[in-house]
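An overview of the molecular structure
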Amino acid sequence: MTDSTNNKNNDMPLLSHLIELRTRLLRSVLVIVAIFIGMAFFANELYEWLSKPLKEALPESSTLIAIDVTAPLFAPFKLAFVLAIFIAMPFVLHQAWMFISPGLYKHEKSFAVPLLISSIILFYAGIAFAYFVIFPIIFGFLSSIGPQDVNYLPDINSVLSIALKLFFAFGLAFEIPIATMLLIWSGLVSHQKLANTRPYTVVGIFVFAMLLTPPDMISQVLLAIPMWILFELGLIFAKAYSPKKAETTEQEDL
């Protein structure tokens, strides 16, 4: 009887954690759905906004087309759903933070909050950089590279696919400072060792930029230079202050 009671008590924390996880996941899904429903009414306007850099680069005789019968309906709604996820990301990450924060130490919480906020800001900055800087260059290049006797008519599904890939790619690329600091703070690599790999890192950054952009030096440099700067900023911030220093100071005060 005692053993069964102990097993029941041991199962309760796990069950309560699972219930809390389910609750926070449901809240996140409901917020995303609510934002999507609100944005669905403006799905066509959102696609007009997305395709504006391409339309400005198209020749006068060119226009966007829909090859798939259902594309005029589903392409704008797909964009609205992805944008709803982007907009709801702060709330989703806040729910994740509320779930894991009770298990963190005080000094870990003091670092996790700034990292969480900065990662969101950097992700949005990467998306904005892709839209306002990279889109005009890429679409301008693609619309001018073809033979003169070919009528350039981009498909709206293809445009959406390329745009979303670039959004994710640049959003993740702008997380480099966070990744750099976490690598150093976790002890996987020392600050000096990571700094010594700078030549190889820079080469890797330019290769990564080359794979993401058209085969021209301008767009490659426009992506590689910000990534390089963000990598250097990550090294600077990681060296300036680290959780280990905070933990040592906190133990000394105790």
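Residues numbered from 1 in each chain as written. Predicted model: local features only at pLDDT ≥ 70, side-chain atom pairs only at ≥ 80, totals over all residues. Heavy atoms only, no water.

As recorded by an unreviewed UniProt entry, the protein chain carries the name Sec-independent protein translocase protein TatC and is attributed to Kangiella japonica. Recorded in UniProt under Function (unreviewed entry), the annotation for the protein chain is "Part of the twin-arginine translocation (Tat) system that transports large folded proteins containing a characteristic twin-arginine motif in their signal peptide across membranes. Together with TatB, TatC is part of a receptor directly interacting with Tat signal peptides." UniProt, in its Sequence similarities (unreviewed entry) section for the protein chain, records the words "Belongs to the TatC family." (UniProt positions renumbered as here; feature names shortened; annotations may be inferred.)

1. Brief notes about the packing of aromatic side chains
Following the criterion strictly, the structure yields 12 aromatic pairs and no others. Ring geometry for Phe86 versus Phe123: centroids 5.6 Å apart, planes at 75°, classification edge-to-face. Here Phe86, found in helix α3 (residues 71-100), pairs with Phe123, found in helix α4 (residues 106-145); they are 37 residues apart in sequence, far enough to count as distant. Judged on exposure class, the residue Phe86 and its partner Phe123 are both buried. When the centroid spacing of 5.4 Å and the interplanar angle of 70° are considered together, the rings of Phe86 and Phe168 count as edge-to-face. In this pair, Phe86 sits in helix α3 while Phe168 sits in helix α5 (residues 156-173), placing the two residues 82 residues apart along the sequence. On the basis of relative accessibility, which here comes to 6%, the residue Phe86 falls in the buried class. Pairwise contacts between aromatic rings join Trp49, Tyr131, Phe132, Phe135, Phe139 and Phe167 into one cluster. (Phe/Tyr/Trp six-rings, centres within 6.5 Å; stacked < 30°, edge-to-face > 60°. Helix = DSSP H or I, 4+ residues; strand = E, 2+ residues; numbered from the N terminus. Buried < 20%, exposed > 50% of the residue type's maximum accessible area, 1.4 Å probe, protein only.)

2. Looking at the packing of helix α2 (residues 43-57) against α5
The geometry of α2 relative to α5 is characterised by a closest axis approach of 11 Å and an angle of 85° between their N-to-C directions. Accordingly, the angle class assigned to the pair α2 and α5 is roughly perpendicular. Contact with α2, carried on its side by Tyr47, Leu50 and Leu54, involves Ile156, Asn157, Val159, Leu160, Ala163 and Phe167 of α5 and no other residues of that element. For the contact of α2 with α5, the residue count by class is 8 nonpolar, 1 polar and no charged. (Axes fitted to C-alpha atoms, helices over the stretch in contact; angles between N-to-C directions. Parallel < 35°, antiparallel > 145°, perpendicular 65-115°, else oblique. Contact = heavy atoms within 4.5 Å. Nonpolar A, V, L, I, M, F, W, Y, C, P; charged D, E, K, R; others polar.)

3. Things to note about the confidence of the model for the protein chain
In this model, the protein chain carries a mean pLDDT of 81, and residues with pLDDT of at least 70 account for 85%. Model confidence for the protein chain, summarised as mean pLDDT per element, is weakest for helix α10 (residues 243-253) at 49 and strongest for α2 at 92. pLDDT under 50 marks residues 7-11. Its contacts with residues more than four places away, or in other chains, come to 0 contacts. In this model residues 246-254 is a low-confidence stretch, pLDDT under 50, and it forms 6 contacts with partners more than four residues away in sequence or in other chains. (pLDDT = per-residue confidence, 0-100.)

4. A few points about a nonpolar patch on the surface
A grouping of Val29, Val33, Ile37, Phe41 and Phe42 is seen on the molecular surface, where their side chains present a nonpolar patch of about 520 Å² in accessible area. The partly exposed category is assigned to Val29, whose relative accessible area is 47%. (Patch = residues over 30% accessible without salt bridge, like charges linked within 9 Å, V, L, I, M, F, W, Y side chains within 5 Å. Areas by Shrake-Rupley, 256 points an atom, 1.4 Å probe, with all protein chains shown as cover. Salt bridge = Lys/Arg side-chain N within 4 Å of Asp/Glu carboxyl O.)

5. Quick look at the side chain of Asp155
Counting through the fold element by element, Asp155 comes out in the loop between α4 and α5. Salt bridges are absent for the buried Asp155, whose nearest opposite-charge side chain, Lys78, sits at 10 Å. Those residues in contact with Asp155 that lie beyond four places of it in its chain are Ile65, Ala66 and Ile67. (Lys, Arg positive; Asp, Glu negative; His and termini not counted.)

6. What to know about α2
Residues spaced three or four apart along an α-helix face the same direction, because each turn holds 3.6 residues. Here α2 is 15 residues long and its end C-alpha atoms lie 22 Å apart, about the 21 Å a rise of 1.5 Å per residue gives. A maximum bend of about 50° is found in α2 at Ser51, where proline Pro53 lies one to four positions downstream. By the burial criterion, the buried members of α2 are Ala43, Leu46, Tyr47, Leu50, Ser51, Pro53 and Leu54. (Expected span 1.5 Å × (residues − 1). Bend = angle between axes of the 7 residues up to and from the residue.)

7. Topic: the nonpolar core
Core analysis: the largest hydrophobic core is formed by 57 residues, its most contacted members being Tyr47, Leu50, Leu79, Phe135 and Phe167. If we skip the residues at most four places from it in the chain, Leu50 touches Leu79, Tyr131, Phe135, Leu160, Ala163 and Phe167. (Core = buried A, V, L, I, M, F, W, Y, C linked by side-chain atoms within 4.5 Å.)

8. Side note on the side chain of Arg24
Mapped onto the fold, Arg24 is located in helix α1 (residues 2-40). Take Arg24: its relative accessible area is 15%, and that puts it in the buried class. Polar contacts involving the side chain of Arg24 include one to the side chain of Gln95, which spans 2.9 Å. (Polar contact = N/O pair within 3.5 Å; in protein donor to acceptor, adjacent residues only side chain to side chain.)

9. So, the UniProt feature "transmembrane region" (unreviewed entry) in the protein chain
Within this structure's numbering, the places UniProt gives as "transmembrane region" (unreviewed entry) are residues 25-43, 79-100, 112-142, 162-185 and 197-214. Helix makes up 89% of residues 25-43 and strand 0%, with an end-to-end C-alpha separation of 25 Å.

10. Description of the pattern of salt bridges
Enumeration over the complete set of coordinates arrives at 3 salt bridges. Where Glu20 meets Arg24, a salt bridge forms, and the shortest distance between an N and an O atom there is 3.2 Å. Of this pair, Glu20 and Arg24 are both found in helix α1, 4 residues apart, which corresponds to roughly one turn of the helix. Of the residues examined, Glu20 reaches a relative accessible area of 26% and is grouped as partly exposed. For Lys55, the salt bridge goes to Glu48, with nearest N and O atoms at 2.6 Å.

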